[in-house]
Each structure stands twice: as C-alpha cells, then as structure tokens.
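# Structure assessment
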Amino acid sequence: MDIDKLQPFRRITFILYIFFLCFNVSSSSNRNKVVLTDNKYQNLIIAINQKVPVDTTIIDRIKDLFTDGSRRLFEATNRRAYWKTITILVPKTWPANANYILPKTESFSIANIVIDLPNERYEDNPYTQQPGSCGNKGEYIHLTPNFILNKINSENVWGPVDKLLVHEWGHLQWGLFDEYPTEDTPNFYKHSNNKIEATRCSLAVKGQYKRNGTDEECYLDPDTGVYESGCVFYPDTKNQTATASYMYGQFIDSVTSFCHSDPSDPLGYHDVELPHKHNTVCGSRSAWDIILKTQDFKGGVNQPVAGYVDTTPTFTLMQPTDRRVVLVLDVSGSMSGDRLLQQRQSATHYLLYTIDSGSYVGIVQFSNDAQVLSELVEITDDNSREALVAVLPTLVDGLTSIGSGVLKGIEVLSRGIQTAKGGSLLLLTDGGNNVSPDINDVLDDVDNAGVVVDTIAFSSSADPNLENLSDVSGGISFYFIDTEEISGLNSAFEATLYSDAVATVGGSFSSVGDSVIVDSDLGKDTVFSFSWINSNSIQVDLTSPDGNLVDQSLQKVDLSLKAINIKIPNIAQDGIWDFSIKSTSTDTVTVNVQSSPQTADNCPITVVPLIGDPSIDYTTEPYTIICVAVIKCYLPVVGADVFAIIESSNACQTVELLLFDNGAGADVTKDDGIYCGYFLDACGDGRYSVAVKVKSPEKNTAFVNMAKATGSLPINPDSTTNKELPVFVPTGMFSRSASGGVIQVTGYVNRSRTTDVVSPSKIIDLRVLATSYSEQKVVLQWTAVGDDLDTGNATKYELKMADSFSELLTNFANAREINNIDVIEGDITIVRPAGVVERIGLRVPTRGANQTYFFAIRAQDEASNYGDVSNIVSANMQYIPPIPYMLNSTTVSLTSADTTTTKHPTSVPVTIPANNSTTTTDLSQNTTTTVNGTANHTDSTQYPTIPTSPTKSTEPIEATAQPPENEDRTALWASLGAVVGIALISLAVFGIIKFVGKKNKVDIDPENGQEMTSSQSFEE
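Residues numbered from 1 in each chain as written. Predicted model: local features only at pLDDT ≥ 70, side-chain atom pairs only at ≥ 80, totals over all residues. Heavy atoms only, no water.

## What to know about the packing of helix 1 (residues 57–76) against helix 4 (residues 161–174)
Cut-off, in case you're wondering: Here, axes are lines fitted to C-alpha atoms. For helices the fit covers the stretch in contact, and angles between N-to-C directions go from 0 to 180 degrees. A run of H or I in DSSP becomes a helix once it reaches four residues, and a run of E becomes a strand once it reaches two; helices and strands are each numbered from the N terminus. In what follows, roughly perpendicular refers to angles from 65 to 115 degrees, roughly parallel to angles under 35, roughly antiparallel to angles over 145, and oblique to any angle outside these ranges. Left-handed describes a crossing whose near helix is turned anticlockwise from the far helix through less than a right angle; right-handed describes the clockwise counterpart. Here a residue-residue contact requires only that any non-hydrogen atoms of the pair lie within 4.5 Å.
It is at 8 Å that the axes of helix 1 and helix 4 come closest, and there the two elements cross at 70 degrees. As the angle between them shows, helix 1 and helix 4 are arranged roughly perpendicular. For the element pair helix 1 and helix 4, the recorded crossing hand is right-handed. In this structure, helix 1 contributes Arg61, Leu65, Phe66, Asp68, Gly69, Arg71, Arg72, Leu73 and Ala76 to the contact, and helix 4 contributes Val161, Asp162, Lys163, Leu165, Val166, Trp169 and Trp174.

Spelled out as structure tokens, the structure:
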C-alpha cells in the first residue's frame, strides 16, 4: 500500500476482541496480596476453576493439605511464619451451600493458588508461574484436582505433599528458584574441589550417579568434561543427614530448611558454585539470605516465636454469584463534544456485544452530584441490552464529584441482592474531583462494601488520585489519551478481553482498508463494529475469507451514534477477513471485531500483561519491567512477535518496545511463553498507557510449546531428563492485543542531557558449550545484552578466566581478561545487538589432571557503565577417554536455527602416555604427532554462522555428546589394519575397551556418597 497517497485519510484503528473460556488469570499489578503480620500470613486465596468437576472432597483435602503445610512452613522458616487465614473460592457452577458466603473482591483471576485441570506440559506436577527475577513474587501456584485428591500417588511421586507446598511457596512468595537441574541449567559441574558434582543444594546431599532409567554407572564425556548426557544423580531418600534444601529435594526425610550461608552448618550450607537456576538468577546468594531480604522479614520483622504456636489456619468458603456491574459515567461540562460521543460509542458496544448474558448491569451518571439512570438489569436478550443503551447519558453540565458517583454506584449494587459484595464499578472520568466528597474520602466505603473499582482516566487532566480507587479494591487502572480514535477506550471497557490493533491511513472518498485473522479456535458471535467522529456517514465493505462480499443487509447503521455493526450469522469462517472504508471527509475510524470460541472446549491464544511495578521513581530506578504471557490453555506460545506500546500525553514519541522470551535480560526463563523487556523511555512525570500487540511472525513460525517440563522435583529424577525433541505445535496465523493498564512516573530527570547512568543487563546464560582436550579449547556461549539493560548494543565485553571460582566471584576486575589472541573461533571485540546469541572458541593455557578453568563475563557501555558479572561456569581440561559405547560414532554435529555442520574426525589417539599428553595419528597427513599442554594446533572445526543482526528465531547451538576429533576408533582401525591385520586390531580394540571401561566408570564411596577419584591419574 502506498502510504503517501493515503495520508489525507487520517487513521483507522483495528481491534480484535476475543471472549475466552479457557481460564482467566490476572496480571501482577492487581494480584491478591498476601501479607505477613505478627508471623501470620493473612488473606491467602485458593480458587477452584469452574471447569473442575463437582467434588467437595477437594475442599476437605485442601484444608488438610494446608493445615499440614502450615506446620512445615513454620519449621522451614525457623518459627517465623505460617498460614493463618485462607479463603477457598468455590466455583459458581458448583451447588450452593449455606456455609458459603459471598466474596468481596476475591476471584479466580487474582487467586494466589489455582486448582485447575492439568497444564499438558506439567500434567499433575505442581508448578509456579514465575515471570519475575530473584526476590520478586510469582503469579500463582497451579495444583490439579488429581494431585490433591490422590494423596498416596502424589506422595509416591513427590514425597510429602505438605513439604512440596513449602517448595512452591518459596517460588511464589519469596522469588526463589530451583536448586536442581532444569531445562536451562546443567546437570553436572566441575567443582573447585576437583570433583564432578551433581547440581543440588546442599553438597551434603548424598546419592548415586546412574545412567537414566538403569542401574548402569555413568561415564565422563570427553566433549563436555562432565558426565554424559544420559547420566542422572539419584539422591538417597533415606539415611540422609543433609538438612537442606527445600528448593532442591523436599522429599528427602532430613530436609527441613532452605540452604543458608552459615559455614558452621555444612549440612545446610549453600554452595555458591553449583550452576542451578537459583545461583544463576540470584547471584550465588543463598535461598535463606534472599528470604530474609523480602518484605516479609526485611528490617528484622517477624522474628522467631518462642513456645507453643498453633499453626492451624482458619478457612473461609466463598462462592460468587451472578456478575454485577455498574457503569459510573462522567457527565460534567468538560465531557462535552467528542468525549461524550466516544463515551457513548464505547459503552454502547460494551452493552450490546460484550457483557455476557446472565450478568446484571446498572448505570450511574455524575457531575455536581450523582443520579441513577438504571438499576441493575439482567442481560437476557437483545431487548434488555437495547433498553440499557437507551438510557446512556446524552447531556453534560456542571462540575465533577467522583466520590458521589462511587457512592451511588455502591447503592445500586446493594439494592441488587441486599449487598454490594462481589460487585464491580467501571468508572470513567476526564477531570479532577472538585465537589465533595473527594476520592480519598470514599476509599473506606469502597473497602467496606467489598466492591472492585476499575477506573478509566479519560484524559491527562483526570484526577491524580483516581488510581487509589483501583488500588484499594483490587481493580485495574486504565489511561485513555484524548484522541479521535477510541481503541484504547474500548480496551479499557473490555478489560478482560483480548485484542489486536493495526493502523492504516486513507484519503478523501478513496477506499482504505485492512484485514484481520479469525483463527480456527474462534468464530462464534463474531461482530465487526465501525465508529467515527467527524463524517456524516461512511461506507463499509466486508469480504469473507472465501472472497464473498458480506451482504449489506447485515449492516446495522446508527448515524446518531456514528456507528455501523455487522454481526456474522452462525460460525464465521476462519481465515483472513478484509474490510474497506470510504469517507467523504478526513476522519478517524475505530474498527472493533469480537469473536468467541466455537465451543467450550476451544481454548484460543490469550495474552496477559504483567507489569512488574506500575510506579517508576526516576530518583531511584528509572525503569520498570513489562512482561506479557502469551498462552493457550496454560501452554506457552513461543516464537511470537510481542510488542508493548507505551503512550503519554507528554511531548514524547510513542514507544514500541520489543519483548523477548529468550532467557536473557529482563526475561528469566526461555520459551515459557512470557516475553519481557525494560521500559526506559519516559519523557516526564505523569501517566503512561500500556497496550500490548502480539502476532504470529510473517513466516508463521510461532508454536505452542508442549514439551514436558518439571515443576517440583520428583523422587525419581528420570522425569526431569527429557532428552526427546521438544513438541512444538504450529499456532497458525493469529493476532491479539490487550490493555496493560497505567504506569505512573515521578521524579523525572532528563538524563539524555546529563549522564548515561543505565548499565547493560547482567548476562545470566553463560554456558560451556564444549571442551576439547586435544585442542586445549573451550567453546562459550551467551546471549547479548544491550547498552541500556537489554536495549541497543553494548560497547564491549569483559570476559575473564581464572583457576578458581572464588577469584571471579570476589575479584573479577583483577582476573585475567580474554583477548582475541586467546580466541580461535569468533571475535570477542564484536558486540552484537541485544538478544543475539554470541559464541566464541578459545584456547586455554594448559590441560591435564585436575586442571579446571572458570569463566565469567560482563558487558560495558560507551559511558563505561558495567553490567553485573554473569553466572560463573567451569571447564574441565583433564584427559577423558571416549565413552565405550560411542566408539563407533564418527561425526560431531553442531546445529543452530540457521545452519547445520557435520565434521568428520581425521585424527585418533594411539596411546596414553604417562605425562598425560596424547599421541595422535593424523590420517589426512599420514603423520603421527604427540600433543602436550603447550603444543600448537591448527583448529579446523567448522561452526555455524553467528547472525549479525537480532532475530527472534535465533536459537542457542546444541552440541551432541560425541568423541573428540582425534579419537575416532574407526579411523584407528583403518590406520593400523595395514600394519598388523584385522585380527590384531580386533584384539587391541577389545583390550582398550576393557581398559577404558574400567578407568572411566564412576565409583561412589559408600561411606560419604562422594565420587572416588583414585584412578584418575591413569598410572597403570
């Protein structure tokens, strides 16, 4: 489309609304807050989803589970905390009971713990949705009915279920991370103690190293320097002495606490070296240290309680009734003209097409005082909807009394079922409260009434205290910038719906159009709505995916409202719908499309904005993290294009922030469907509106990630070793958008004119991709960060190497820096844009028995701001013979999203000299060479090309565990066969296999459970 030719027609904004039935979980900003006071956790909400079949035994089991769990929690926190008041929210679809009371603001969408059907990735494995970084609260814990009801089976898999609750509480309340191997952390690590250790906490946990699912002992892998990929550490469940950690193995009998940093207690001591996710994300700080710095215990509050304490919680059972909403609409004089028309357009759309049948709706208007336009009316059919539309306000006058409108709305809710509890107000205003009562005067009334207040600031002049109403009631705040298009206003009215926005421009009575994808999960009750401001009328043509023009008779035209609605009969075709619009004058047209799932079993892709902190204080931390969960029935959608659109009425440009799901920068976990980024570009104090746009890429490469994942560690860790290829199911074409609410900025300083004070992000995914003893080479990989956190390009990397972990942890600045003279693959001086996977191969100074190198990295910007030091990794440079059962393997394969390279070995070892050097026969040159710790070697290994520009499809490069290049037994047979014959070769190989098998197997000391290393010198 030629944009220049279409400039006269100002803008069309397109929104797709999707009514979803899968589930509805809310964002961080209005998630229920659990508070610890006097050692008692108050106000924990556990909600059962309406899809869970009726079984009141679940309620009894929840009570038992959390009663036992409260005692365990008290013990694990050293007598500092337990659960005291717990609300269980019973679904509306379950039979009523006299013991159930009406909820106030409690709902499934804000619950801390959800009881729901299984997430296919986790099945019955409990897990916590945890988008934030170290020390930040999670979103919710997901438990399944089967996990709760089948206690015997659950404890056979995960151990005591009450202890498992404490593990998940560590994620949810304190922002702790797992201390066992996960999808993005290694199983094993070469420790400073010169042993290959299993990833765990504490090191006092004893166990056995076995090949997955067998009783066979493990082999070391010469390509990685640690145990082979099929090796699993099986912790002993009995006769342990280790007291920690809950974040590792809650099922171990002796585990009663979290790992700590007190070296006088080795049984629970936190090891800073082990590469589990908690160390990586939390900078090697212990779980207990993190807990003590949270708001629950910060400043020495909630100290241990002496004497007997009854830790039994009190439970309250609640059951919601029909949905009750009162629209509280501003009709003061400042709402005249376009604002009143836009308010009517959005409210009409909400009443006609959005609010679900069976709900009750009332309408209140306010200016100097407040009046009721409609008591609560049940939505039963089109007539009831039209009756409400007919009483929407059409006149404006007077001043603004927001407090009066709120109180009148509460009155209307109270007259419905004799209580306002559980009802909600949707309040819209464009000005400040200038007639009493003030907003702050009615906050107690809102709290006591138990209503939720969602607020819409209709201009930058809206009262600065407006958000207080949402904060006190658990509602959501929205900010609509006063423009001629109302997509943002519609999104606020549709707070729980999902949308997409596309903007185009057009000219005088020329046709301008766009298209929308209705995906196959949708199609029921599909409505296209068009509204405008200036023109007397517009002409609309709508074409279905099969190319047919939709009959004009289906158009419902309201010229007084300046709106056209087209409802598609039956089920709308899935595919691309095209529309075109003609207008005789310059105008702004807002296009809304809504569609419901075809059946209750259909679960469309949904997006949930997750704003970490909606308040930015520029004097302390000039940014906030914006995340978006893109999910399909709890399953993550990966590979999507996700943007946060941040707008302000200040004189600054709209920010379109690309969000990543790559496990780097602001994003904590890769491929979990949560996309994150830092918002850094505020331009002044005030409100900023946040909208979210999500779509499948142009090449349609978005997928639903159905690969099995691990929540809590089971007793048998085999299930955590998922070596099968991930199951990625294509999503097909789709697009979505949603409102993310409001960000408030205070203390703004224009730092663009002063000093750059924002550092690059911390690199959190440094890893050793491969090691080579013969080439003295280590291959490292990480994801690039930005100049300012994860935005732009950093200027340089500081990659350091040391002989000890502690040197990098405590004295990184003085450790030896890696320069290009050390690099044999890649270029350490080239810094790529944030999000690109970086990789280099480097030669280490020496190799041999007990030789281990440690590496860490940080990024620097042009103003010499340094990011935090990355996670620290180790590389084992001792000689490791080939794995016996892989002697016939002849290729090493390195793959990435862009290329695949197969390298055929040309050298094989002949003997193992006593000095730990290696003699090799080079088949390509027909020569024999002895390689020692200082020999030069020309590296000829080919590696995949590293992209030079950021792409969302860039994937880390995985190396399969294969013998090193110069250790191929097949080539050895060919070389020696000409000299000694087939018989001698076969005999020699048989002898070597026996020798290798004996020397490379792992022995476990039965006294202490540690690896025995007496045979590592190979002196025999």
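## Looking at the pairing of strand 41 (residues 777–783)
Note the cut-off: Only protein chains enter the accessibility calculation, which uses a 1.4 Å probe; a residue whose area is less than 20% of its type maximum is buried, one above 50% is exposed, and one in between is partly exposed. In this scheme, strands are said to pair when DSSP sees at least two bridges between them.
Buried residues dominate strand 41, accounting for seven of its seven residues. Side chains Lys777, Val779, Gln781 and Thr783 of strand 41 all project onto a buried face; the interleaved residues Val778, Leu780 and Trp782 project onto the opposite face, where all are buried too. Joining the antiparallel neighbours strand 40 (residues 767–772) and strand 41 is a turn of four residues, in which Gln776 adopts a positive phi near 50 degrees. Where strand 41 lies against strand 45 (residues 837–843), seven bridges are found, and the strand directions are antiparallel. Opposite Val779, over in strand 45, you have Gly841 as the bridge partner.

## A word on the sheet that holds strand 46 (residues 852–860)
Pairing within the open sheet is antiparallel, and its four strands lie in the order 43-42-46-47. For this open sheet the edge positions go to strand 43 (816–817) and strand 47 (873–876), each flanked by a neighbour on one side alone. Where strand 42 (residues 796–802) and strand 46 come together, seven bridges link them in antiparallel fashion. Bridging from a neighbouring strand, Lys796 pairs with Gln860 of strand 46.

## Observations regarding the sheet that holds strand 17 (residues 370–378)
Strand pairing within a sheet occurs via backbone hydrogen bonds; the two strands may be parallel or antiparallel. Pairing in this open sheet of six strands is mixed, and the strands run 17-16-15-18-19-20 from one edge to the other. Each end of this open sheet is capped by a strand with a single partner; those strands are strand 17 and strand 20 (477–479). For this sheet, the mean angle separating the axes of adjacent strands, direction not counted, is 15 degrees. Sheet analysis places strand 16 (residues 360–366) next to strand 17, joined by six bridges and oriented antiparallel. When the bridges of strand 17 are listed, Val361 appears paired with Val377. Here helix 7 (residues 338–354) sits on the sheet and contacts strand 15 (324–330), strand 16 and strand 18 (424–429); the angle it forms with strand 15, its principal contact strand, is near 170 degrees.

## Points about the packing of helix 7 against helix 8 (residues 382–390)
Which entries qualify depends on this criterion: Amino acids outside the nonpolar list (Ala, Val, Leu, Ile, Met, Phe, Trp, Tyr, Cys, Pro) and the charged list (Asp, Glu, Lys, Arg) are all regarded as polar, and Gly is one of them.
Running from N to C, helix 7 and helix 8 cross one another at 170 degrees; their axes reach a closest spacing of 9 Å. It follows from the interaxial angle that helix 7 and helix 8 lie roughly antiparallel. Contacts between helix 7 and helix 8 involve Thr348, Leu351, Leu352 and Tyr353 on the former and, on the latter, Arg385, Glu386, Leu388 and Val389. Residue classes in the contact of helix 7 with helix 8 are distributed as five nonpolar, one polar and two charged.

## Describing the packing of aromatic side chains
Inclusion rule: When two rings of Phe, Tyr or Trp (its six-membered ring) have centres within 6.5 Å they constitute a pair, described as stacked for plane angles under 30 degrees, edge-to-face for angles over 60, and tilted for the intermediate range. The criterion is that NZ of a Lys, or CZ of an Arg, lies within 6 Å of the ring centre and within 35 degrees of the ring normal, and then a charge sits over that ring.
One pass over the structure, following the stated rule, counts 24 aromatic pairs. Taking the centre distance of 5.5 Å and the plane angle of 40 degrees together, the rings of Tyr246 and Phe258 count as tilted. Of the two residues, Tyr246 sits in the loop between strand 13 (231–235) and helix 5 (277–281) while Phe258 sits in the loop between strand 13 and helix 5, which places them twelve residues apart along the sequence. Site record: aromatic cluster; members linked through ring pairs are Tyr41, Phe66, Trp83 and Trp169. The side chain of Lys800 reaches across the aromatic face of Phe812, ending 4.7 Å from its centre.

## Brief notes about the pattern of salt bridges
Defined as follows: Here, a salt bridge means any Lys or Arg side-chain nitrogen found within 4 Å of an Asp or Glu carboxyl oxygen.
As enumerated under the stated definition, the model contains 25 salt bridges in all. Two residues, Glu139 and Arg31, come together in a salt bridge whose shortest N-O distance is 3.3 Å. Of this pair, Glu139 sits in the loop between strand 8 (127–129) and strand 9 (140–143) while Arg31 is found in the loop between strand 1 (9–18) and strand 2 (35–37), placing the two residues 108 residues apart along the sequence. Grouping residues by exposure puts Glu139 and Arg31 together as buried. Counted as one network, the salt bridges with shared partners bring together Glu375, Lys408, Glu411 and Arg415.

## A word on the state of the cysteines
Heads up, the rule is: The criterion for a disulfide is a pair of cysteine sulfur atoms lying within 2.5 Å.
Within this structure, the stated rule accounts for five disulfides. The partner cysteine of Cys218 in its disulfide is Cys231, sulfur to sulfur 2.0 Å. The chirality of the disulfide connecting Cys218 with Cys231 is right-handed, given an S-S dihedral of about 90 degrees. One end of the pair, Cys218, is in the loop between strand 12 (207–211) and strand 13; the other, Cys231, is in strand 13, with 13 residues separating them in the sequence. Both residues of the pair, Cys218 and Cys231, belong to the buried class.

## As for the environment of Leu466
Tracing the backbone shows Leu466 in helix 11 (residues 466–473). For Leu466, a relative accessible area of 0% gives the class buried. Ignoring any residue separated from it by four or fewer positions in sequence, one finds Leu466 in contact with Leu427, Thr429, Ile439, Thr455, Ile456, Ala457 and Arg687.

## Comments concerning the side chain of Asp519
Condition: Polar contact is defined as a pair of N or O atoms within 3.5 Å, subject to the rule that within protein one atom must be able to donate a hydrogen and the other to accept it, and that residues adjacent in sequence are counted only when both atoms are side-chain atoms.
Topologically, Asp519 is positioned in the loop between strand 22 (512–518) and strand 23 (522–532). At a separation of 3.0 Å, a polar atom in the side chain of Asp519 contacts the side chain of Arg736. Every residue in contact with Asp519, bar those within four places of it in the chain, is listed here: Asp574, Met733, Phe734 and Arg736.

## Considering the nonpolar core
Quick reminder of the rule: By convention a nonpolar core is built from buried Ala, Val, Leu, Ile, Met, Phe, Trp, Tyr and Cys residues, the set being connected through side-chain atoms within 4.5 Å.
Ranked by internal contacts, the top residues of the largest apolar core, which has 70 residues, are Phe66 and Phe258. Excluding residues that lie within four positions of it along the chain, Phe258 makes contacts with Ala76, Val166, Trp174, Leu176, Ala244, Ser245, Tyr246, Met247, Gly268, Ala287, Trp288 and Ile291. Of all hydrophobic cores here, the second largest spans 31 residues; its members include Ile605, Val628, Leu657 and Ala682.

## Some words on helix 1
Put simply, the test is: Helix span is expected to be 1.5 Å times the residue number reduced by one.
Under the 1.5 Å per step criterion, the end-to-end length of helix 1 is 28 Å for 20 residues, consistent within 8% with the ideal 28 Å. Where helix 1 is concerned, the buried positions are Ile58, Ile59, Arg61, Ile62, Leu65, Phe66, Gly69, Ser70, Arg72, Leu73, Phe74 and Ala76. The positive-phi residue at the C-terminal boundary of helix 1 is Asn78, with phi of around 55 degrees.

## What to know about the pairing of strand 4 (residues 44–48)
Along any regular strand the residues' side chains alternate between the sheet's two faces. Burial analysis of strand 4 places five of its five residues in the buried class, the great majority of the element. Residues Leu44, Ile46 and Ile48 of strand 4 are buried on one face, and the alternating residues Ile45 and Ala47, pointing to the opposite face, are buried as well. Of the pairings in the sheet, the one linking strand 4 to strand 7 (residues 113–115) comprises three bridges and is parallel in character. Within the sheet, the bridge partner assigned to Ile46 lies in strand 7 and is Ile113.

Take it as geometry only, folks, not as evidence of what the structure does.
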